[in-house]
Amino acid sequence: MRFSERYGYKKVREIVQIDSIDEPLRNALWSLLKVFVWDQVHASTGIYGGCYLTSESNEQIRTLCKRLWFSYFKKPLDQLDDEWNEVYGQLRKYFFGCEWYEVYDFLEFIAGNYERYQFKDNFVSACNQALEKEISAYRFVDDLISRITEQQEVDEIEHALETALGPVRTHLRRALELLSSRETPDYRNSIKESISAVESLVAIATGANKGTLGQLIKKLEDEIHLHPALRTAFSSLYGYTSDEGGIRHALMESESIRFQDAKFFLVVCSAFINFVEAKIAKPIG
């Protein structure tokens with residue numbers, strides 16, 4: 001994670017790509033199109049060589065391009081060039097010049113209209129891996145690109161990072177850093193940091209020098225009139241991360257913890273921190 005992201009100079013909404021696609025993500029998605037689609041075009045074996053859509057070996061690509069021209073671009077089919085390099089150039093120019101949401105339109109259309117054997121499942125899986133790595137708010141779900149991160153979730157995280165101080169903010173920032181690392185995301189320890197942020201908050205709010213969240217949250221319930229249902233909910237979450245099969249123990253394989261799990265804990269813990277701070281009407285830290 002870059003300096004600007006680690007120290008809060010870059011907003012969470014910029015780290016989590018909700019209404020944008022940055023250059024690395026756009027490049028990655030185009031590369032997947034190249035590998036899974038464009039590289040399947042075959043050169044002519046005739047005396048003149050070259051790559052042509054009308055070649056018998058390019059029937060599937062020809063069908064896809066016709067559908068693109070007719071149904072996606074809404075262009076006359078007689079404007080579809082037979083020479084593949086010309087078509088490729090037009091597609092590339094469009095992809096790198098279109099709006100962020102049109103990139104997702106384009107990916108959806110390709111996934112649903114290229115009929116090469118076993119293409120869709122492999123392509124969708126590869127796209128979702130790239131979208132997760134680059135912290136996009138979107139994934140392919142049932143052949144459609146859907147948003148998995150809501151603006152309200154980002155708002156909760158940002159508000160907590162802006163208002164929390166001391167160890168609470170340190171743990172939250174570390175949780176975000178581990179969650180959003182492009183190269184080496186650590187979802188397991190991101191969850192640990194999110195829970196540790198709540199532990200620090202509860203300890204400070206109750207004036208306790210030590211104790212676990214499970215021990216201190218009953219005291220918090222008395223001090224700020226925390227609803228018993230909320231106490232039970234957070235006690236249960238803490239138990240999930242603390243029992244012998246939990247996040248803090250080696251028996252839980254890190255491969256089984258995914259982005260969605262870590263994001264859930266960061267959002268919920270941020271929301272709880274915001275709630276407690278509002279209850280006591282002053283920043284905690």
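Located above this text is the structure these notes cover.
Conventions used here
Residues numbered from 1 in each chain as written. Predicted model: local features only at pLDDT ≥ 70, side-chain atom pairs only at ≥ 80, totals over all residues. Heavy atoms only, no water. Helix = DSSP H or I, 4+ residues; strand = E, 2+ residues; numbered from the N terminus. Buried < 20%, exposed > 50% of the residue type's maximum accessible area, 1.4 Å probe, protein only. Contact = heavy atoms within 4.5 Å. Areas by Shrake-Rupley, 256 points an atom, 1.4 Å probe, with all protein chains shown as cover. Phe/Tyr/Trp six-rings, centres within 6.5 Å; stacked < 30°, edge-to-face > 60°. Pairing = 2+ DSSP bridges.

What am I meant to see in the overall build of the chain here?
Counting its secondary structure elements, the chain contains 13 helices and two strands. Split into buried and exposed, the 285 residues of the chain put 45% on the buried side. Considering only intrachain contacts with a sequence separation of at least 6, the fraction spanning at least 24 residues in the chain is 66%. Of the roughly 14800 Å² of accessible surface on the chain, a fraction of 50% belongs to carbon and sulfur atoms.

Whenever I open this one, the packing of aromatic side chains confuses me. Can you help?
In this description, an aromatic ring pair is defined by two values, namely the gap between the centres and the angle between the planes. Scanning the entire structure with this criterion turns up 24 aromatic pairs. Aromatic pair F264 and F265: ring centres 5.6 Å apart, planes at 90°, arrangement edge-to-face. For F264, a relative accessible area of 42% corresponds to the partly exposed category. An aromatic cluster of at least three residues, connected via ring pairs, comprises W30, W38, W69, Y72, F73, W84, Y88, Y94, F95, F96, F106 and F109.

Help me out: how do you make sense of the pairing of strand β1 (residues 138-141) in this one?
In this sheet, strand β2 (residues 144-147) lies alongside β1 in antiparallel orientation, the contact comprising four bridges. Note on β2: the bridge partner recorded for V141 is L144. In sequence, β1 turns back onto β2 through a hairpin of two residues, with D142 there showing a positive phi of about 55°.

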